[in-house]
Amino acid sequence: MNIWIAIGLTAAGCYLAKLLGLLVPAGVLERPLVRRLAALLPVALLAALTAQQTFGDGRHLELDARAAGLAVAALALVLRAPFLVVVGSAVVVTAAVRALL
């Protein structure tokens with residue numbers, strides 16, 4: 001029964017967050033700081049999720065083939081490679097490192 005309590009609380013929290021977002025006055029949303037934070041928040045959230053999925057196994061820091069793939073993808077991004085090349089190079093390097101280990 002605890003899982004249903006967690007699901008209910010999560011649903012209520014999501015609804016409340018959406019409702020609070022609708023109640024914010026328009027003048028607050030037009031401030032430059034708020035606009036900048038709203039633009040940067042998704043990037044920070046995606047980076048945090050990527051780091052957690054790449055380097056974490058639940059409780060400990062783990063460096064494995066995923067880290068090598070992420071490093072190659074980052075290098076490809078720095079070199080301004082197209083998106084498919086970034087993803088493809090990360091996949092190939094990750095698979096190669098896993099095959100070697």
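Residues numbered from 1 in each chain as written. Predicted model: local features only at pLDDT ≥ 70, side-chain atom pairs only at ≥ 80, totals over all residues. Heavy atoms only, no water.

**Here's the deal with the packing of helix α4 (residues 65-78) against helix α5 (residues 83-100)**
Logical step 1: Contact geometry for α4 and α5: axes closest at 8 Å, N-to-C directions at 150°. Between α4 and α5, the angle falls in the class roughly antiparallel. Classified by chirality, the crossing of α5 by α4 is right-handed. Contacts between α4 and α5 involve Ala-65, Arg-66, Ala-68, Gly-69, Val-72, Ala-73, Ala-76 and Leu-77 on the former and, on the latter, Val-86, Ser-89, Ala-90, Val-93, Thr-94, Val-97 and Arg-98.
Logical step 2: Classifying every residue of the contact of α4 with α5 gives 10 nonpolar, 3 polar and 2 charged. (Axes fitted to C-alpha atoms, helices over the stretch in contact; angles between N-to-C directions. Helix = DSSP H or I, 4+ residues; strand = E, 2+ residues; numbered from the N terminus. Parallel < 35°, antiparallel > 145°, perpendicular 65-115°, else oblique. Left-handed = near helix turned anticlockwise from the far one by under 90°. Contact = heavy atoms within 4.5 Å. Nonpolar A, V, L, I, M, F, W, Y, C, P; charged D, E, K, R; others polar.)

**Digging into the side chain of Thr-94**
Logical step 1: Tracing the backbone through its elements, the reader meets Thr-94 in helix α5.
Logical step 2: Those residues in contact with Thr-94 that sit more than four places away from it in its chain are Ala-65, Arg-66 and Gly-69.

**As for the side chain of Ser-89**
Logical step 1: Inspection of the secondary structure assignment puts Ser-89 in helix α5.
Logical step 2: Polar contacts involving the side chain of Ser-89 include one to the main-chain carbonyl oxygen of Val-86, which spans 3.0 Å.
Logical step 3: Ser-89 has contacts with Val-72 and Ala-76, leaving out every residue within four places of it along the chain. (Polar contact = N/O pair within 3.5 Å; in protein donor to acceptor, adjacent residues only side chain to side chain.)

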